[in-house]
Amino acid sequence: MLLDSLKSAVLLMLSFDRELVEIVLVSLNVSLWSTLFASVIGLPAGFFIAFYRFRAKRLVMTCLNTLLALPTVVIGLVVYSLITKRGVLGPLDLLYTQKAIIIGQIILIVPVITSLTIAAISKIDKRYRSTALTLGANTRQMSWVIFREARFGITAAIIAAFGRVIAEVGISMMLGGNAKGFTRTMTTAMALEYDKGEFVLAVALGIVLMAFAFTINLVFHFLQGRLNSDAV
Amino acid sequence: MLYELTDLTKQFKDRQVLDIDALCLKRKKVYALIGPNGAGKTTLLNQLALLEKPTSGSLTFLGRDPWGVGNSLLELRRKVVLVDQSPILFSGTVRKNVEYGLQVRRIPKDERDRRVAHCLHLVGMDDFINQDVHGLSGGEVKRVALARALAIEPEVLLCDEPTANVDEKHQEVILRIIEEVNQNQRTTIIFSTHFLSQSRRLADQTIILRNGRISSYRETKNSFMARVVESDSVQTVVSLSDSYQFSLPPGVITRDDRDEIVHFQIDPNELAIGDVSMVPEQGKTINHGVVKRIASEQDRVRITVDIGISIDVLLDNTSYRASSPLVGDRVALAIPSGAVTLKED
């Protein structure tokens, strides 16, 4: 049965099935936007936490580590309670839209990007900071030097976050509602097809998902090689 | 005054690494910091580079408090540059590194290109300009770091053990550059070293640090270590190296010190310069050399004469006008016996 499904799935992919393409595009759309917004929040936050000394630093790090293990259904529930008709953000009418999925996914991966950015920045030799300063850099220019030197770790953080959101199912299901053509992502579609006992589309989407994961890792390793050869 | 440090301390957690009662450093001079590991040399350099705020006490640079009200820290810090003992280069090419300090100062590209080429030429790294810094040797990294610092044309160049981990040939290159930068651009140089020979060669003054405190502070120009070759009633010949000997006045060394190493200092105020035909008087010795540098110092003129080693002569304006030597002139340097003092260390 698996082999038959696999064969049919490959044919479905080769024919660029409209439904399949639509689902993949929705997945990419929400994942890319959530990764982008989460990066805008997580990268500066990670840099600040790694770079500056402040009283509650250890507490903030502990909270971040805890948030890394936050189940997607918990995020789904919290965001649902906010955007449901009777919720604080109810008037915005976000429930069962791609925006709702994006909000949930941002909450999911901000801790991932922040934590990995902290790790990447902390690893950077302290001499980069003093060298930039003694050469006349102001705080912004010095921060850019650190960011530049930590770019491999930061790229890894963004890629890890993207991998996390493209493969998650809880938030997309609870906040998106799995509406065909609107909020149906690869993972929610696979869950639905499994429920229906229709494996062909599920297997095809599984292959696409695996192909994404493989491509991302391939690009990552390519970048790693390039960036490592840049390092001193 | 360039720097004035008063009751300055620097503490890391419970450990006090610097405790300086008073230290004044003048413009355009070369200072050497000497001391054992952990004496506080690097910490003092970081303070002078305005990279770290003192724990207590005061530090003024060009008469201003860098951490005071008005926030002049960046402006003042841009007049100073520190080259680390183990410098780190930013990833990218040699060019990118050397022009970094110029880019952050928004220097136009033409001027940047000129300075990058000039400074890389100075350190003998012209051929590496477009090379990725990955793969440079330790000595090459050090030379690029020096070029990167020089490109800024700082008022003060701070070097933390500039010749550490560098082969002998390139040690000489680095020392020569430091010497030239001070002489040609009148840049103040403050460097730490473990080598007395380097401080004697380059520094006007040597500051000896022990346990974070200044244990002594002395003039090192015209201060030499040499082996006695010959010592009699007519003259004293000493050797600074296998290939270079010079004469001191008779009577400086009274003991039979042949082959002994002696440390002596020549008072620049007691020396005289004259025509090459100058005849030695009683109690004086004459060495011939070339004028390398002439600099005005308040009411005096400092003339550096190369007689195989560099010797500084301080003349009052009248004496200077009488002899009027020019850079490159061949002159006679008269050393009276009273100008030479034997040191006991």
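Remember, it's a predicted structure, so these values are computed and weren't measured experimentally.

Cut-offs applied
Residues numbered from 1 in each chain as written. Chains lettered and ligands numbered in written order. Predicted model: local features only at pLDDT ≥ 70, side-chain atom pairs only at ≥ 80, totals over all residues. Heavy atoms only, no water. Helix = DSSP H or I, 4+ residues; strand = E, 2+ residues; numbered from the N terminus. Buried < 20%, exposed > 50% of the residue type's maximum accessible area, 1.4 Å probe, protein only. Contact = heavy atoms within 4.5 Å. Areas by Shrake-Rupley, 256 points an atom, 1.4 Å probe, with all protein chains shown as cover. Lys, Arg positive; Asp, Glu negative; His and termini not counted. Charge placed at Lys NZ, Arg CZ, Asp CG, Glu CD. Pairing = 2+ DSSP bridges. Axes fitted to C-alpha atoms, helices over the stretch in contact; angles between N-to-C directions. Salt bridge = Lys/Arg side-chain N within 4 Å of Asp/Glu carboxyl O. Polar contact = N/O pair within 3.5 Å; in protein donor to acceptor, adjacent residues only side chain to side chain. Nonpolar A, V, L, I, M, F, W, Y, C, P; charged D, E, K, R; others polar. Domains from an automatic or database assignment. Buried area = accessible area lost by both parts, 1.4 Å probe. Core = buried A, V, L, I, M, F, W, Y, C linked by side-chain atoms within 4.5 Å. Phe/Tyr/Trp six-rings, centres within 6.5 Å; stacked < 30°, edge-to-face > 60°.

Within chain A one finds eleven helices and zero strands. Mapped from its N terminus to its C terminus, chain A presents α and β elements in the order α-α-α-α-α-α-α-α-α-α-α. In terms of principal-axis extent, the alpha carbons of chain A reach across some 65 × 50 × 25 Å. Taken over 232 residues, chain A has a buried fraction of 43%. Put simply, of all contacts in chain A between residues at least 6 apart along the chain, 75% involve residues at least 24 apart. Surface summary for chain A: the accessible area is close to 12500 Å², and the carbon and sulfur share equals 69%. Of the charged side chains in chain A, 21 are positive and 12 negative, and the gap between their average positions amounts to 17 Å.

Turning our eyes to something else, we now look at the sheet that holds strand 2 (residues 15–25) of chain B. Each strand in a sheet pairs with another by means of backbone hydrogen bonds, the pair being arranged parallel or else antiparallel. Residues and elements named next belong to chain B. Pairing is antiparallel in the open sheet, where three strands are placed in the order 2-1-4. Of all the strands in the sheet, just strand 2 and strand 4 (56–61) have a single pairing partner and so form its edges. The sheet shows a mean angle of 25 degrees between the axes of neighbouring strands, taken without regard to direction. Direction of pairing for strand 1 (residues 3–12) relative to strand 2: antiparallel, over a ladder of nine bridges. Residue pairing across strands places Leu5 opposite Leu23, the latter belonging to strand 2.

Moving on: helix 1 (residues 41–48) of chain B. Where burial is concerned, most of helix 1 of chain B is hidden: seven out of the eight residues are buried. Within two residues after helix 1 of chain B, B:Leu50 carries a phi angle of roughly 60 degrees, on the positive side.

Attention now goes to the pattern of salt bridges. Per the counting criterion, the structure on display carries 19 salt bridges over all chains. Close ionic contact of A:Glu149 with A:Arg148 constitutes a salt bridge, the shortest N to O distance being 3.9 Å. What makes A:Glu149 buried here is its relative accessible area of 14%. Residue A:Arg148 is classed as partly exposed on the basis of its relative accessible area of 32%. Because the salt bridges share partners, they merge into one network encompassing B:Glu111, B:Arg114, B:Arg115 and B:Glu153.

All right, on to the interface of chain A and chain B then. By convention, interface size is frequently given as the accessible area that disappears when the constituent parts associate. At the junction of the two partners, chain A supplies 23 residues and chain B supplies 26 residues. If you look at where chain A meets chain B, you find zero salt bridges. Seen at the junction of chain A and chain B, the total is seven residue pairs in polar contact (both at pLDDT 80 or more). For the side of chain A that touches chain B, the elements supplying multiple residues, two or more each, are helix 6 (127–134), helix 7 (139–149) and helix 11 (199–230) of chain A. Counted by class, the side of chain A that touches chain B contains nine nonpolar, seven polar and seven charged residues.

With that out of the way, let us pick up the environment of B:Lys26. With respect to the secondary-structure elements, B:Lys26 resides in the loop between strand 2 and strand 3 (30–34). Between the alpha carbons of B:Lys26 and B:Gly139 there is a distance of 30 Å; along the sequence they are 113 residues apart.

Now for the domain arrangement of chain B. Residues and elements named next belong to chain B. When the domains of chain B are assigned, the result is domain 1 (3–213) and domain 2 (223–343). Here domain 1 and domain 2 have C-alpha centroids that lie 32 Å from each other. Each partner contributes residues to the interface: domain 1 has five residues there, and domain 2 has eight residues. Interface area for domain 1 against domain 2, summed over the two sides, is near 620 Å², with a carbon-plus-sulfur share of 35%. For the pair domain 1 and domain 2, the number of links is zero salt bridges. For the interface between domain 1 and domain 2, the tally reads zero residue pairs in polar contact (both at pLDDT 80 or more). Its residues assigned to classes, the side of domain 1 that touches domain 2 shows no nonpolar, two polar and three charged.

Now for the sheet that holds strand 16 (residues 300–306) of chain B. Residues and elements named next belong to chain B. Within the open sheet, the five strands sit side by side as 14-18-15-16-17. Their pairing is antiparallel. Edge positions in the open sheet fall to strand 14 (272–274) and strand 17 (310–316), since each of these has one partner strand only. Across the sheet, the mean angle separating the axes of adjacent strands is 45 degrees when strand polarity is ignored.

Take the nonpolar core next. Among the nonpolar cores identified, the biggest contains 111 residues, and B:Tyr3 and B:Ile190 are the most heavily contacted of them. Examining the composition of this core, we find that twelve residues originate from one element, helix 5 (residues 98–122) of chain A, more than from any other. The residues touching B:Ile190, leaving out its near neighbours within four places in the chain, are B:Tyr3, B:Leu25, B:Tyr31, B:Leu33, B:Leu45, B:Leu48, B:Val156, B:Leu157, B:Leu158 and B:Cys159. Counting 28 residues, the second-largest nonpolar core is a separate cluster that includes B:Ile253, B:Val262, B:Ile303 and B:Leu333.

With the rule as written, the count across this model stands at nine aromatic pairs over all chains. Both rings, one in A:Phe47 and one in A:Phe147, keep their centres 5.2 Å apart while their planes meet at 20 degrees; by these two values the pair is stacked. Pair noted here: A:Phe47 is in helix 2 (residues 18–51) and A:Phe147 is in helix 7, with a separation of 100 residues, a long-range link. Here A:Phe47 matches A:Phe147 in class, with each residue buried. Centroid distance B:Tyr3 to B:Phe61: 4.9 Å. Interplanar angle 40 degrees. Geometry classified as tilted. Of this pair, B:Tyr3 sits in strand 1 while B:Phe61 sits in strand 4, and the two are 58 residues apart along the sequence. Taking the relative accessible area as the measure of exposure, B:Tyr3 reaches 0% and is therefore buried. Each residue in the set A:Phe47, A:Phe48, A:Phe51, A:Tyr52, A:Phe54 and A:Phe147 is aromatic and connected to the rest through ring pairs, giving one cluster.

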